[in-house]
Amino acid sequence: MKIVVFVNHVPDTETKVKIGADGKLIDPTGVNFMLNPYDEIGVEEALKTKQQFGGEVVVVSLGGDPNKETLRKALAMGCDRAVLLKDPAVRDSYAVASSLADYAKEYGADIIFCGKQSIDYDDAQIGGLIAEMLGIPSVSVVVKLEIKESAIIAEREIEGGHEIVRSSLPAVITAQKGLNEPRYPSLKGIMDAKRKPIEEKVPSAVASRVEVGAMSKPAAKAQGKIVGSDASAAAELVRLLHEEAKVI
Amino acid sequence: MKILAFAEQRNGQFKKTAFEIVKAAKTVADQLSGEVVAVVIGNNIAAIAGQLGGFGASKVVAVEDARLELYSTTAYSKIIADIAKLESAAIVMLPASEMGKDVAPRVAVKLDGGLAAGCTMLTVEGGTIKATRPVYAGKGLVEVVVTTATKVYTLRPNVFTAGSSNGQMASVENIKIELGDADFSAAVTEVKAASGKKDVAEADIIVSGGRGLKGPENFSMIEDLAGALGAAVGASRAVVDAGWRTHDEQVGQTGKTVSPSLYVAVAISGAVQHLAGMSSSKYIVAINKDKDAPIFSIADYGIVGDAFEVVPAITAEVKKLLGK
Ligand SMILES: Cc1cc2nc3c(=O)[nH]c(=O)nc-3n(C[C@H](O)[C@H](O)[C@H](O)COP(=O)(O)OP(=O)(O)OC[C@H]3O[C@@H](n4cnc5c(N)ncnc54)[C@H](O)[C@@H]3O)c2cc1C
Ligand SMILES: Nc1ncnc2c1ncn2[C@@H]1O[C@H](COP(=O)(O)O)[C@@H](O)[C@H]1O
């Protein structure tokens, strides 16, 4: 089976957002970047799929040279090959998805894994965009996956429950926490990953469809009110919620 | 100029977001001298469709088919795009719910439009729609403008207020869309509902518990308070990872993003990844025995004390107030 997993290189969850000189992007100095947590789940599922059906897992990231670090991590987990679609320019989701879809098509992917969302811009749209561009089905926010010969049964998380989805293959799956427990790279995996080449390709330019303006920080909250220090404060708290905040 | 508003329903009942979307669309349409056409997809839904008039829809298009009883990524996206074309809608608005987030990118590609996802504010300036959306889990906000002729927006649930209906009924137009097997290449076959449980993503009030509760058995205290408030139960990642609670209750950067009117954090320290998921709540209450816990930095009201004493006392007061 030809398995593709798309991974994004994102600021670590502890990152304190400092707006950069252009007023639009964050200042990357001192920011640690990592493999997007949902994409790590995607990588694990891709590797499990290969264990079941054989074939090859190609991990692909679009971005600049720093993305190689994330590709190495995926190689260390066990992916066979890595491809960097090299474009350090800032693109919108549509432009990114379009280049990723082109790659998947050229490669002839049988199944594509993404994360359910990138934790930088929290878009949660690339999986669906790629699938529609390729004219194939997709299942998002997947917590359970069973792959058969030419169909899949997936369970996706929705508000207040789960949906069981039947889909044909090829398809795009976007991974949600709970789908699996991503493996830690073994020492051998880490050593092997250093030797595996990262293929570089230049994706064709695609016009953006969304213009991103200035970034700002949400207004800081005024200092809250400490109502008390034991059970005797309960009545006052409930009164405030009822009469001042009017939320109960 | 028309705005197509996707009104989500499940089991023949509108989700709260359906009204929020129609109302938000109406607010934008009024500034662009446009009108709102709502679209409802499902089975046996014509009866509920008209009520969208009360939130600002001038017409409702209902697409009914037994095969549309449950959601299908491929069929729903085709229908929404087809209706948008039939109505020559320049704008499509959907909820950033699990259904809306799943279908919106596909609709955008079919309409050759750009998509602004997870918007929390829409303003119109000189005929241009500016959408504000949180990035980096709410640590930043960006303003985006969709530059294509057709524009697609998903709006974060619970942020745009629907208000109450003005009582008007909209005219309902039933439209048949030809659907073949290929249009159901991905389709839901079954919905497993978590038995009557309120979901944090939709709840107006959430009571969340953290590791300070010491063990899963002590969540009964959280459930009691949630029960008294009619709230959903949430959890920090620490308790989900420990297996005390299920992942669907997790709030935060790798859990759910919530914007309830009231969020009560009990024995949760307030790590950045937790704040990421709930900092946009309208009111935040923190109960923690450590006065330096970061959760207090974003709380509107706090009690610095032992949850085991404080929470049952609050539950009793709430019951007294609400006469339960
Ligand atoms: C990549 C990544 C993603 C993450 N995503 C998430 C996420 O989505 N959601 C999330 O929540 N976390 C997330 N985390 C984890 C986060 O960093 C914290 O570890 C977690 O939120 C801590 O949970 P907690 O507040 O319940 O526990 P703790 O930090 O252990 O806090 C327990 C609190 O309880 C208080 N306490 C103890 N006893 C009592 C008592 N009797 N009465 C009152 N208070 C008491 C203590 O003072 C303390 O403040 C993520 C971390 C990483 C690295
Ligand atoms: N630059 C990128 N390169 C490769 N994959 C990406 C990139 N950006 C996003 N993805 C994939 O698309 C998923 C959803 O991203 P998003 O729509 O940006 O939230 C991610 O979890 C990744 O799997």
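Higher on the page you've got the structure.
Model, not experiment: these values are computed from the prediction. Sequence order as written defines residue numbering, which begins from 1 separately in each chain. Written order determines the labels here, with chains lettered from A and ligands numbered from 1. Totals for whole chains, interfaces and linings use all residues, but because this is a predicted model, local features are given only for residues with pLDDT of at least 70 and pairs of side-chain atoms are given and counted only at 80 or more. For the side-chain quantities, the full set of heavy atoms in the structure was used; hydrogens and water were omitted.

Enquirer: Help me understand the site of ligand 2, please; the structure alone is not making it clear to me.
Expert: All names here are of chain A. The cutoff for a nearby residue is simple: one of its non-hydrogen atoms must lie within 4 Å of the molecule or strand. In the vicinity of ligand 2 lie 18 residues, with Phe 6, Asp 39, Ser 118, Ala 124 and Gln 125 positioned nearest. Under the rule applied, a polar contact is a pair of N or O atoms within 3.5 Å (in protein, one hydrogen donor and one hydrogen acceptor; residues adjacent in sequence only if both atoms are side-chain atoms). At 2.8 Å from a nitrogen atom of ligand 2 is found a main-chain nitrogen or oxygen belonging to Leu 62. In the model, an oxygen atom of ligand 2 is placed 2.8 Å from a nitrogen or oxygen of the Gln 125 main chain. To measure how exposed things are, a 1.4 Å probe is used in the Shrake-Rupley method; for residues, cover is taken only from the protein chains shown. Protein chains bury 96% of the 490 Å² of accessible surface belonging to ligand 2 in isolation. Secondary structure elements with two or more residues in the shell around ligand 2: strand S4 (56-63), helix H3 (93-107) and strand S6 (111-115). The helix count covers DSSP runs of H or I at least four residues long, the strand count covers runs of E at least two residues long, and both are numbered beginning at the N terminus. Ranked by residue count, the leading element in the shell around ligand 2 is S4, at three residues.

Enquirer: Hey, could you run me through the packing of aromatic side chains in this one?
Expert: For any pair of aromatic rings, geometry is given as the distance between the ring centres together with the angle between the planes. Each Phe, Tyr or Trp ring (for Trp, its six-membered ring) is paired with any other whose centre lies within 6.5 Å, and the angle between the two planes then decides the class: stacked below 30 degrees, edge-to-face above 60, tilted in between. According to the stated counting rule, one finds six aromatic pairs over all chains in the structure shown. Here Tyr 103 of chain A and Tyr 107 of chain A contribute two aromatic rings whose centre-to-centre distance is 6.1 Å and whose plane-to-plane angle is 15°, an arrangement assigned as stacked. Of this pair, Tyr 103 of chain A and Tyr 107 of chain A both sit in helix H3, four residues apart, roughly one helical turn. Across the pair, exposure class does not vary: Tyr 103 of chain A and Tyr 107 of chain A are buried alike. Aromatic pair Phe 14 of chain B and Phe 19 of chain B: ring centres 5.7 Å apart, planes at 65°, arrangement edge-to-face. Whether a charge sits over a ring comes down to the Lys NZ or Arg CZ being within 6 Å of the ring centre and within 35 degrees of the ring normal. Geometry around Tyr 107 of chain A places Lys 2 of chain A over its ring, the cationic atom sitting 4.8 Å from the centre. When the ring centre of Tyr 94 of chain A is taken as reference, the NZ or CZ atom of Arg 209 of chain A above it lies at 3.8 Å. When accessible area is computed with a 1.4 Å probe and restricted to protein chains, residues below 20% of their type maximum are described as buried, those above 50% as exposed, and intermediate ones as partly exposed.

Enquirer: Which parts of the structure should I look at to understand unusual backbone geometry?
Expert: A cis geometry characterises the amide bond from Leu 169 of chain A onward to Pro 170 of chain A, with omega recorded as -5°. Along the polypeptide, Pro 170 of chain A turns up in the loop between strand S9 (161-168) and strand S10 (171-175). Here Lys 246 of chain A, not a glycine, exhibits a phi torsion of approximately 55°, which is positive. Among the residues examined, Lys 246 of chain A registers a relative accessible area of 63% and is labelled exposed. For Ala 137 of chain B, which is not glycine, the phi torsion reads 55° and is therefore positive. By secondary structure assignment, the location of Ala 137 of chain B is in the loop between strand S9 (128-135) and strand S10 (140-146).

Enquirer: Any chance you could explain the sheet that holds S10 of chain A here in plain terms?
Expert: Hydrogen bonds between backbone atoms are what pair the strands of a sheet, whose relative direction is either parallel or antiparallel. A strand pair is defined by DSSP finding two or more bridges across the two strands. Strand order across the open sheet formed by ten strands is S11(A)-S5(A)-S4(A)-S1(A)-S6(A)-S10(A)-S7(A)-S8(A)-S9(A)-S13(B), with mixed pairing between neighbours. What marks the edges here is a single partner per strand, and that holds for strand S11 (198-201) of chain A together with strand S13 (186-193) of chain B. Taken over all neighbouring pairs, the strand axes of this sheet differ in orientation by 35° on average, direction set aside. Bridge analysis of S6 of chain A against S10 of chain A gives five bridges, and the strand direction is parallel. Its bridge partner lying in S10 of chain A, Gly 115 of chain A is registered against Ala 175 of chain A. Relative to S4 of chain A, H3 of chain A is tilted by about 155°, and along the sheet it contacts strand S1 (2-6), S4, strand S5 (81-86), S6 and S11 of chain A. All axes here are fitted lines through C-alpha atoms, helices being fitted over the stretch that makes contact, and every angle between N-to-C directions spans 0 to 180 degrees. Residues are treated as being in contact if the distance between any of their heavy atoms lies within 4.5 Å.

Enquirer: Whenever I open this one, the sheet that holds strand S12 (residues 210-216) of chain A confuses me. Can you help?
Expert: Read across the sheet, four strands follow the order S12(A)-S10(B)-S9(B)-S8(B) without closing on themselves; strand pairing throughout is antiparallel. Both edges of this open sheet fall to S12 of chain A together with strand S8 (121-125) of chain B, since each of them pairs with a single strand only. Averaged over neighbouring strand pairs, the angle between their axes works out to 30° when direction is ignored. Relative to S10 of chain B, S9 of chain B runs antiparallel, the two being bridged by five bridges. Within the sheet, the bridge partner assigned to Val 135 of chain B lies in S10 of chain B and is Gly 140 of chain B.

Enquirer: Before we go on, may I ask you to explain the pairing of strand S6 (residues 91-95) of chain B in this structure?
Expert: The side chains of a regular strand alternate between both faces of the sheet. Residues and elements named next belong to chain B. Extensive coverage of S6 is indicated by the burial of five of its five residues. Both faces of S6 are covered, namely the face carrying Ile 91, Met 93 and Pro 95 and the face carrying Val 92 and Leu 94. When strand S1 (residues 2-6) meets S6, the two strands line up parallel, connected through three bridges. Bridging from a neighbouring strand, Ala 5 pairs with Met 93 of S6.

Enquirer: Looking at this structure, how should I read the site of ligand 1?
Expert: By nearness alone, 27 residues border ligand 1, and Ser 236, Thr 254, Ser 269, Gln 273 and Asn 288 of chain B come closest of all. At the site occupied by ligand 1, nearby residues are drawn from chains A and B. Contacts to ligand 1 include Gly 212 of chain B, whose backbone N or O atom sits 3.3 Å from a nitrogen atom. Gly 255 of chain B places a main-chain nitrogen or oxygen 3.3 Å from an oxygen atom of ligand 1. Contact with the protein chains covers 80% of the free accessible surface of ligand 1, which is 990 Å². Broken down by secondary-structure element, the contributors of at least two residues to the shell around ligand 1 are helix H6 (237-241), helix H7 (272-278) and helix H8 (307-322) of chain B. Along the lines of polarity and charge, the residues of the shell around ligand 1 split into seven nonpolar, 14 polar and six charged. Put simply, Ala, Val, Leu, Ile, Met, Phe, Trp, Tyr, Cys and Pro go in the nonpolar bin, Asp, Glu, Lys and Arg in the charged bin, and everything else, Gly too, in the polar bin.

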